[in-house]
Amino acid sequence: MAGDGPGEFQAGQSGLVIRVPEAEPAVRAWRDRLDPSARASVPAHVTVLFPFLHESRIDDGTHAAIGEVIGRHHPFEARFAHCGRFPGILYLVPDPDDPLRRLTEAIANRWPETPPFGGQFDEVIPHLTIAQGQHDAVLQEAEPDLRARLPVTARVSSVDLLVHDGTRWQQRASFALR
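Residues numbered from 1 in each chain as written. Predicted model: local features only at pLDDT ≥ 70, side-chain atom pairs only at ≥ 80, totals over all residues. Heavy atoms only, no water.

1. What about the pattern of salt bridges?
Turning to step 1, where the next piece is worked out: Counted according to the given criterion, the structure contains 13 salt bridges.
Turning to step 2, where the next piece is worked out: Note that Arg85 and Glu143 form a salt bridge whose closest N and O atoms lie 2.8 Å from each other. Taken together, the residues span a long stretch of sequence, with Arg85 in strand 3 (residues 76–86) and Glu143 in helix 5 (residues 136–148) at a distance of 58 residues.
Turning to step 3, where the next piece is worked out: Note that Glu123 is salt-bridged to Arg101, the shortest N-O span being 3.2 Å. Remark: Arg101 occurs in helix 4 (residues 98–110) and Glu123 occurs in the loop between helix 4 and strand 5 (128–132); sequence separation between them is 22 residues.
Turning to step 4, where the next piece is worked out: Overall, the relative accessible area of 49% leaves Glu123 in the partly exposed class.
Turning to step 5, where the next piece is worked out: Within the structure, one salt-bridge network assembled from shared partners comprises Glu24, Arg28 and Asp32. (Salt bridge = Lys/Arg side-chain N within 4 Å of Asp/Glu carboxyl O. Helix = DSSP H or I, 4+ residues; strand = E, 2+ residues; numbered from the N terminus. Buried < 20%, exposed > 50% of the residue type's maximum accessible area, 1.4 Å probe, protein only.)

Given below as structure tokens:
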């Protein structure tokens, strides 16, 4: 998840993420240092949809609809064995990524007013961000250490709704894949 700039999140913003606690031992120190979302209390995760609806638009009906959409998908395992890069960003690559893409597509289709990453990208590439807004030299320093800590395998069985309270991200709900 990202704000308008490094560390710039707005109160009331929300996002849907898949927590990857299995990756924390491998990525925590790097994320704490190099990822603004980690400093704002976001755990290691793969983003399903960010930004999502403003908190003021999320009610019991929205929770039910999210649960219905997420509940159409089955739990699966994802393996993180490789690093990838976007400009200024270092991330772990999930394999397979098709179930993650399908989750994003399903939520984005249900709420077309909330395109993934605000519609900035033509293709959504599932990933677990380690560093963002960094120079290549910093990414080159982190990558060999991360590669030595891989692979990480995670069981994906839920999607969490996180909301920013103006200071940090907090989990508001969790929706099970069935």
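After that view of the structure, there is still more to cover.
2. Some points on the packing of aromatic side chains
Turning to step 1, where the next piece is worked out: For the structure on display, the rule yields five aromatic pairs.
Turning to step 2, where the next piece is worked out: Ring geometry for Phe9 against Trp169: centres 5.5 Å apart, planes inclined by 80°, an arrangement best described as edge-to-face. With Phe9 in the segment before strand 1 (14–19) and Trp169 in strand 8 (residues 169–176), the pair connects residues that are 160 residues apart, well separated along the chain.
Turning to step 3, where the next piece is worked out: Overall, Phe9 belongs to the buried group, its relative accessible area being 10%. (Phe/Tyr/Trp six-rings, centres within 6.5 Å; stacked < 30°, edge-to-face > 60°.)

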